[in-house]
Amino acid sequence: KQLVKVGQSISLQVNISGIPNPTVQWAQNGSVIEKSPKISIETTDVFSMLTVKNASLEDTGVYSITAENVVGKAQAEFDVAIRDKPGKPNNLQVIQVMKESVVLSWQPPTNTGGSEIIGYTIEKRDAKRNTWAPVANVDSETTTYAVQKLIEGNEYFFRVSAKNDMGTGEPAEIDRGTVAKCPYDVPGAPRNLQPTEVNKSSVTLTWEVPDQDGGSPVTGYIVERRQTTATRWTKAHKQTLTETVFTATDLIEMSEYEFRVAAENAAGIGKPCEPIGPILTKSPYDVPDAPAKPQITDVTKDTATLTWTPPEKDGGSPVFNYVIEYKPVRASKWISASHNITVANTTFTVKDLTEGMEYEFRVLAENKAGLSKPSAPSSVIVREPVSGEAPSVLEGLPDISVLLGEDATMECQISGKPEPSVTWSKDSHRIDASKKYEMSQDEISVLLTIRDVSEKDSGSYTLEASNDLGSVSTSGQLDVQAKPELEFDNKFRDVITLNTGTSLRIPVTYKGLPKPTITWGKDEKPLKAGGSVTLDTKDTLTTLQVKKVTRADDGLYFITAENEAGKAKATFDVEVIDVPDQPEGPIK
């Protein structure tokens, strides 16, 4: 076999003889060869020479010469192979992009140059540079390759060249640059982060998976915490979190913390959710409320018997003990009368008192969280019993409600001999007669009038009546109410004209005591959130929003605010306009 490179000449010379002189004919692959500018045939009496200039791959084949005269013929053949560098590989493409690598794929070239492909050369070029850098040389069986050690965010170009025994051919190049980046997005923020259990040194949190995982499954979560006095967030765990529940430990008791959670996938860590908090690390129980002011039910020359009612709230843990304290009225230090004694009942006798001295007594309630605040004190002079009647409540203070700015009168009926002296208090704080508080008392009726009530006058009012034989108290609740009011921008008082596809948003500020119930509606029917309609009501602001309005959203919207004191209503005339429909034919 004769090997010839593309561009070179093919020269075949054959000696011939015969009598008479034979005729000579050349052929390629059985087809007769004719002379042309590229092909020359020179024949003499003794030889014939075929020359093919500037050989190409098409000139490969079996060349034959036939010499023939009347006596016979002779034939010879020559196997000629034209060789060239291979052509460009086919279908070069990027099949995977990561933040530090790109995977290329290609197919062998259609034009192999007449010989087997022995390998491929892979090159890359940074878009910021003009020079190509070698990446790798691979064998002929490899038609995919992962280009490694790329810089995330940089743009690259790639090309691949095929090689045979004649050399390296022209490269196939991807015209468009490829940016090295992760093919996924980071996940969205976790949802509905909630504390489910709080103790004095730990907080248990739960949350829901993000709405969007960025195209790659969430592989874990990062919980961060910070004290409200700090600015820097710190990771709350060392181990990988794959579940949507976590208990943060080693917290400082009675400190306030904030928490947030972020999700992680193959692309990285997403944005954290909105923080929750502050969360106060404390016992799951609160200390109980203070017991009611103790009543002195019996007095001797050296003892005093007390009774009281349990606290209204036990703090979530039952009261298992009461601590009774006393002191002389003029002293400052309280003395425990129940030291080393568990008092489970609501009565106790204080002993070893000094006759003729006036004492004060108070009670504290105890549960698993600790001691409550002390009750209001009761006082009595320790002496032999005197005749008469201890104060009693004939008719207690009622619970009343009044409108803001009006006067409120609290009235009760008290009996006792000698006539009891009375004191008034609000939320355990004593109040005295003034322009604000007008106090009066006759034989059995006791009145307190509160002028021009305001919101801060709401609360529990207590009357305490006492004489030498004891004391009694009664309490009533005053609730100050105010009719609802609605406030909004004056521009909403006119017709609100919107084009289809735009959004309607009406914010309204409201107030009232107690807090009003807000209702939105349209065309005299209640309006519910859903679809394009969003209703957002916070402490003092409520907002109606309709996204991408259509003609169906045209109408009369209304809002009502209602509480026990009254009702307020406002309406909003919304007109939605659109381009007219296409006229109907035919044209006359």
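Worth saying up front: this structure is predicted, and the values here are computed from it rather than measured. (Residues numbered from 1 in each chain as written. Predicted model: local features only at pLDDT ≥ 70, side-chain atom pairs only at ≥ 80, totals over all residues. Heavy atoms only, no water.)

Things to note about the pattern of salt bridges
Between side chains of opposite charge, pairing is possible as soon as their charged atoms come close. Tallying each qualifying case throughout the model produces 21 salt bridges. The partner of aspartate 211 in a salt bridge is arginine 191, with the nearest N and O atoms 3.0 Å apart. Here the residue aspartate 211 occupies a position in the loop between β19 (203-208) and β20 (220-227), and arginine 191 occupies one in strand β18 (residues 191-198), the gap between them amounting to 20 residues. On the accessibility criterion, arginine 191 (30% relative accessible area) is partly exposed. Linking aspartate 554 and arginine 551 is a salt bridge whose minimum nitrogen-to-oxygen distance equals 3.6 Å. Members of the salt-bridge network, linked through shared partners, are Arg191, Glu208 and Asp211. (Salt bridge = Lys/Arg side-chain N within 4 Å of Asp/Glu carboxyl O. Helix = DSSP H or I, 4+ residues; strand = E, 2+ residues; numbered from the N terminus. Buried < 20%, exposed > 50% of the residue type's maximum accessible area, 1.4 Å probe, protein only.)

Structural notes on the layout of surface pockets
The volume enclosed by the largest pocket comes to roughly 1,400 Å³. Lining the largest pocket are 43 residues; nearest its centre among them are Lys293, Ala376, Ser425, Ser428 and Thr462. Looking at the lining of the largest pocket, the element that brings in the most residues is strand β42 (residues 470-487), giving six residues. Tallied by class, residues from the lining of the largest pocket come to 12 nonpolar, 19 polar and 12 charged. By volume, the second largest pocket amounts to about 150 Å³. (1 Å grid on protein atoms, 1.4 Å probe; cavity = no way out; pocket = protein on both sides within 12 Å on 5 of 7 lines; lining within 4 Å. Points joined across faces, edges and corners; volume = space filled by probe spheres on them. Nonpolar A, V, L, I, M, F, W, Y, C, P; charged D, E, K, R; others polar.)

Describing the sheet that holds strand β1 (residues 2-5)
Within the open sheet, the five strands sit side by side as β1-β8-β7-β3-β4. Their pairing is mixed. Edge positions in the sheet fall to β1 and β4 (31-32), since each has one partner strand and no second. By the bridge criterion, two bridges tie strand β3 (residues 23-28) to β4 in an arrangement that is antiparallel. Paired with alanine 27 across the two strands is valine 32, which belongs to β4. (Pairing = 2+ DSSP bridges.)

Quick word on the UniProt feature "domain: Ig-like" (unreviewed entry) in the chain
Summarizing the sequence annotation, UniProt attributes the feature "domain: Ig-like" (unreviewed entry) to residues 1-81, 391-479 and 484-575 in the numbering used throughout. Helix makes up 0% of residues 391-479 and strand makes up 65%, while its end C-alpha atoms are separated by 28 Å. Along residues 484-575 one finds 0% helix and 61% strand; the C-alpha atoms at either end are 28 Å apart. (UniProt positions renumbered as here; feature names shortened; annotations may be inferred.)

Some remarks on the packing of aromatic side chains
Under the definition given, this model contains 12 aromatic pairs. When the ring of phenylalanine 492 is compared with that of phenylalanine 572, the centres are 6.4 Å apart and the planes differ by 85 degrees; the resulting orientation is edge-to-face. Taken together, the positions of phenylalanine 492 in the loop between β42 and β43 (496-499) and phenylalanine 572 in strand β50 (residues 566-577) put the pair 80 residues apart, joining distant regions of the chain. An identical accessibility class is assigned to phenylalanine 492 and phenylalanine 572; each is buried. (Phe/Tyr/Trp six-rings, centres within 6.5 Å; stacked < 30°, edge-to-face > 60°.)

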